[in-house]
Amino acid sequence: AHLTLGYSLLRAERAAEAESACHRAIALKPDFEWARKGFGDALERQSRLDEAETAYRKAIEVNSSFRQAHLALGNVLARRGRWAESAVALDENLRLFPVDHWSWYRVATLRLYRGDLEGYRRACREMLDRFGDSEGRGLVAARGEAADQAAGHVAPADECYGKGHAWEWPEESWDFAER
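Remember, predicted model here, so these are calculated numbers, not experimental data.

A. Region of the structure containing the environment of T109. Inspection of the secondary structure assignment puts T109 in helix 7 (residues 101-113). Judged by relative accessible area, which is 5%, T109 ranks as buried. Taking the C-alpha atoms as reference points, T109 and C124, 15 residues apart in sequence, are found 9.1 Å from one another.

B. Here's a closer look at the environment of K37. Here K37 is to be found in helix 3 (residues 33-45). The sequence separation of K37 and Y56 amounts to 19 residues, and the corresponding C-alpha distance is 5.5 Å.

C. Molecular detail of the packing of helix 1 (residues 2-11) against helix 2 (residues 15-28). Close contact between helix 1 and helix 2 brings their axes to 8 Å; oriented N to C, the two are set at 165 degrees. When the axes of helix 1 and helix 2 are compared, the pair comes out roughly antiparallel. As helix 1 runs across helix 2, the sense of the crossing is left-handed. In this structure, helix 1 contributes H2, L3, L5, G6, L9 and L10 to the contact, and helix 2 contributes A15, E17, A18, A21, C22, R24, A25 and L28. Taken together, the residues that form the contact of helix 1 with helix 2 break down as 10 nonpolar, 2 polar and 2 charged.

D. Examining the packing of aromatic side chains more closely. What the rule picks out here adds up to 1 aromatic pair. Residues W34 and F66 carry aromatic rings whose centres are separated by 4.7 Å and whose planes lie at 65 degrees to one another, so their mutual orientation is edge-to-face. Here W34, found in helix 3, pairs with F66, found in the loop between helix 4 (49-62) and helix 5 (67-79); they are 32 residues apart in sequence, far enough to count as distant. The class for W34 is partly exposed, based on a relative accessible area of 32%. The ring of F32 carries K29 above its face, with NZ or CZ at 5.5 Å from the centroid. It is R67 that lies over the ring of F97; its NZ or CZ is 3.9 Å from the centre.

E. Just the pattern of salt bridges, in detail. Using the criterion set out here, one finds 14 salt bridges in the structure. The partner of R14 in a salt bridge is E17, and the shortest N-O contact between them spans 2.7 Å. With a relative accessible area of 39%, R14 lands in the partly exposed category. You can call E17 partly exposed: its relative accessible area is 38%. The partner of R57 in a salt bridge is E53, and the shortest N-O contact between them spans 3.0 Å. Note that R57 and E53 are positioned in helix 4 at a spacing of 4 residues, about one turn of the helix. Each of D50, E53, R57, R80, R82 and E85 takes part in salt bridges that share partners, so that together they form one network.

Rules used in this analysis
- Residues numbered from 1 in each chain as written.
- Predicted model: local features only at pLDDT ≥ 70, side-chain atom pairs only at ≥ 80, totals over all residues.
- Heavy atoms only, no water.
- Helix = DSSP H or I, 4+ residues; strand = E, 2+ residues; numbered from the N terminus.
- Buried < 20%, exposed > 50% of the residue type's maximum accessible area, 1.4 Å probe, protein only.
- Axes fitted to C-alpha atoms, helices over the stretch in contact; angles between N-to-C directions.
- Parallel < 35°, antiparallel > 145°, perpendicular 65-115°, else oblique.
- Left-handed = near helix turned anticlockwise from the far one by under 90°.
- Contact = heavy atoms within 4.5 Å.
- Nonpolar A, V, L, I, M, F, W, Y, C, P; charged D, E, K, R; others polar.
- Phe/Tyr/Trp six-rings, centres within 6.5 Å; stacked < 30°, edge-to-face > 60°.
- Lys NZ or Arg CZ within 6 Å of the ring centre and 35° of its normal.
- Salt bridge = Lys/Arg side-chain N within 4 Å of Asp/Glu carboxyl O.

In structure tokens form, the structure reads like this:
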């Protein structure tokens, strides 16, 4: 009940209260990985990234196969500019759940921001191979050209972008401008 309340409070933009609710859930059941992730989410919403990282790592300690915690950890590490560690966490999320198309896009984007253009191209190609004409195409095209230009590459990274620019960037995605 406390965790459900915590996530409801997060959706209502009441992160401090969500933090308290998730903390109570952890107190009642310390080995409940979702409570630890919810706690991390509440901390991350308050820009308490060090503490959020710790909460996500504790969720992974409780359940090393908890892919949502690996994804959250990868996101918070990326927000902190810890690209190599973020890549490890996101790669683990993809190992556990390879059909997560947004994670594939995040991995590709992370590689681009790290200056690894070849790694970016490989991730884009793999994403297109996995998702074809469904999610993959628009995901790569959504920000590919702008990301390439931001990294100093004026020409598109590869054939991935020419396949459409109509997709919206998801609200929960990274905002690298916050760095």
